[in-house]
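The primary structure of each chain is shown beneath.
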Amino acid sequence: VLIEKLTAAPAKFLGRHDLGTLRAGAIADITIFDPEAEWVVDASCFASKGKNTPLDGALLRGQITKTIVSGEVKYEASS
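Residues numbered from 1 in each chain as written. Predicted model: local features only at pLDDT ≥ 70, side-chain atom pairs only at ≥ 80, totals over all residues. Heavy atoms only, no water.

A. Spotlight on the overall build of the protein chain. The helix and strand tally for the protein chain stands at two helices and three strands. Secondary structure of the protein chain in N-to-C order comes out as α-α-β-β-β. The C-alpha radius of gyration computed for the protein chain amounts to 16 Å, which surpasses the reference 12 Å derived for 79 residues by more than 25%, pointing to a less compact arrangement than a globule. If you line up the protein chain on its principal axes, its C-alpha atoms span 40 × 25 × 25 Å. (Helix = DSSP H or I, 4+ residues; strand = E, 2+ residues; numbered from the N terminus. Rg over C-alpha atoms; globule rule 2.2 N^0.38 Å.)

B. Quick look at the pattern of salt bridges. By the definition in use, this model includes five salt bridges. Close ionic contact of arginine 16 with aspartate 18 constitutes a salt bridge, the shortest N to O distance being 2.8 Å. For arginine 16, a relative accessible area of 35% corresponds to the partly exposed category. Exposure remark for aspartate 18: the relative accessible area of 30% places this residue in the partly exposed category. The residue arginine 61 makes a salt bridge to glutamate 38 at a minimum N-O spacing of 3.0 Å. Residue arginine 61 is found in strand β2 (residues 59-69), and its partner glutamate 38 is found in strand β1 (residues 30-40); the two are separated by 23 residues along the sequence. Judged by its relative accessible area of 54%, arginine 61 is exposed. (Salt bridge = Lys/Arg side-chain N within 4 Å of Asp/Glu carboxyl O. Buried < 20%, exposed > 50% of the residue type's maximum accessible area, 1.4 Å probe, protein only.)

Below, the structure written as structure tokens:
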């Protein structure tokens, strides 16, 4: 149910039936998330110029491991 609310439902609302699906021929915009991955926040590695965060040095669980846009890998977490 959660996946549908985050993918197919917004696409349907926008009238974009070519989005929100993994059907063959559909636009491949995919984010892969590992809920068990642990990582330490390192503000010095932020892509943003803003480095201020109260979480710097904190151990967090859950990490995006890969983002694919239009079938092309745009982000891949370093291991």
